[in-house]
Amino acid sequence: MSLMKILTVPDPLLKRKCAPVEKIDDDLRKTLDDMLETMYAAPGVGLAAPQVGILKRMVVIDVTREGEERHPYRMINPRITGESDTIVLHEEGCLSVPEQYAEVERFESVTVEYTDENGKKQTLTADGLLAICIQHELEHLDGHLFIDHLSKVKRDMIVRRVEKEQRRKREASHHGKEEE
Ligand SMILES: [Zn+2]
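Every value quoted in this text rests on a predicted model; they were computed, and no experiment measured them.

## Looking at unusual backbone geometry
Point 1. Between Val 9 and Pro 10 the backbone carries a cis peptide bond, its omega angle lying at 5°.
Point 2. Tracing the chain through its elements places Pro 10 in the segment before helix 1 (26–41).
Point 3. Cis geometry marks the peptide bond from Ala 42 to Pro 43, where omega comes out at -10°.
Point 4. Here Pro 43 lies in the loop between helix 1 and strand 1 (46–48).
Point 5. With a phi angle near 60°, Glu 99 is a residue other than glycine that sits in the positive phi range.
Point 6. Within the secondary structure, Glu 99 sits in strand 5 (residues 97–107).

Written out as structure tokens, the structure is:
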């Protein structure tokens, strides 16, 4: 398994609509495993394919806490087919918007249909953090991020902060190399 590079805003690949997965084979399963490994290492609770530059409709999710037995989901071509009447407000972050958090309105529970890594159709009704994570990750497949729920002023401010921090990190690592 290998770690993948996670794209951060304002990378244009994060704004693209992803294409359906047409074939589930060993290569695809390996990619999903790499995505999970990358997500655990980050650490995060969800990762969508476009966040690692793959414009395909698939996500990985695991909302278990550290110390608990892992329960990863690999969702291929996922689709939300049911939503609760109730809305919850939850503070979210995103590996593509590092260290920035904001409250977003989400459905309290959702039903999602997807194909698993073995090609089997699955239906899952989720609530709590899992429901929020599913809604967050699936938005990525249509080129939307949680910050798109915020006002333009707030969103632009967050993107500028991330850009600045990424630039600082790049410069710091360049500097480190020069000194070696
Ligand atoms: Zn995200």
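## Description of the coordination of the zinc ion
Point 1. Ligation of the zinc ion by protein atoms is provided by Cys 94 (SG), His 136 (NE2) and His 140 (NE2), these donors lying 2.1 to 2.3 Å from the ion.
Point 2. For the zinc ion, the donor residues sit on a single chain with the sequence spacing C-x41-H-x3-H. One end of the pair, Cys 94, is in strand 4 (residues 87–94); the other, His 140, is in helix 2 (residues 128–140), with 46 residues separating them in the sequence. As far as the burial class goes, Cys 94 and His 140 line up, both buried.

## Details of the layout of surface pockets
Over the atoms a probe the size of a water molecule is rolled, and this reveals where empty space is left.
Point 1. As a volume, the largest pocket reaches approximately 860 Å³.
Point 2. Along its surface, the largest pocket is lined by 35 residues, and Cys 94, Leu 95, Val 97, Pro 98 and Glu 99 are the ones closest to its centre.
Point 3. Breaking the lining of the largest pocket down by element, the ones donating at least two residues are strand 4, strand 5, helix 2 and helix 3 (152–179).
Point 4. Residue composition of the lining of the largest pocket, grouped by class: 16 nonpolar, nine polar and ten charged.

Thresholds applied
Residues numbered from 1 in each chain as written. Predicted model: local features only at pLDDT ≥ 70, side-chain atom pairs only at ≥ 80, totals over all residues. Heavy atoms only, no water. Helix = DSSP H or I, 4+ residues; strand = E, 2+ residues; numbered from the N terminus. Donors = N, O, S within 2.8 Å, 3.2 Å for Na, K, Ca; no water. Buried < 20%, exposed > 50% of the residue type's maximum accessible area, 1.4 Å probe, protein only. 1 Å grid on protein atoms, 1.4 Å probe; cavity = no way out; pocket = protein on both sides within 12 Å on 5 of 7 lines; lining within 4 Å. Points joined across faces, edges and corners; volume = space filled by probe spheres on them. Nonpolar A, V, L, I, M, F, W, Y, C, P; charged D, E, K, R; others polar.

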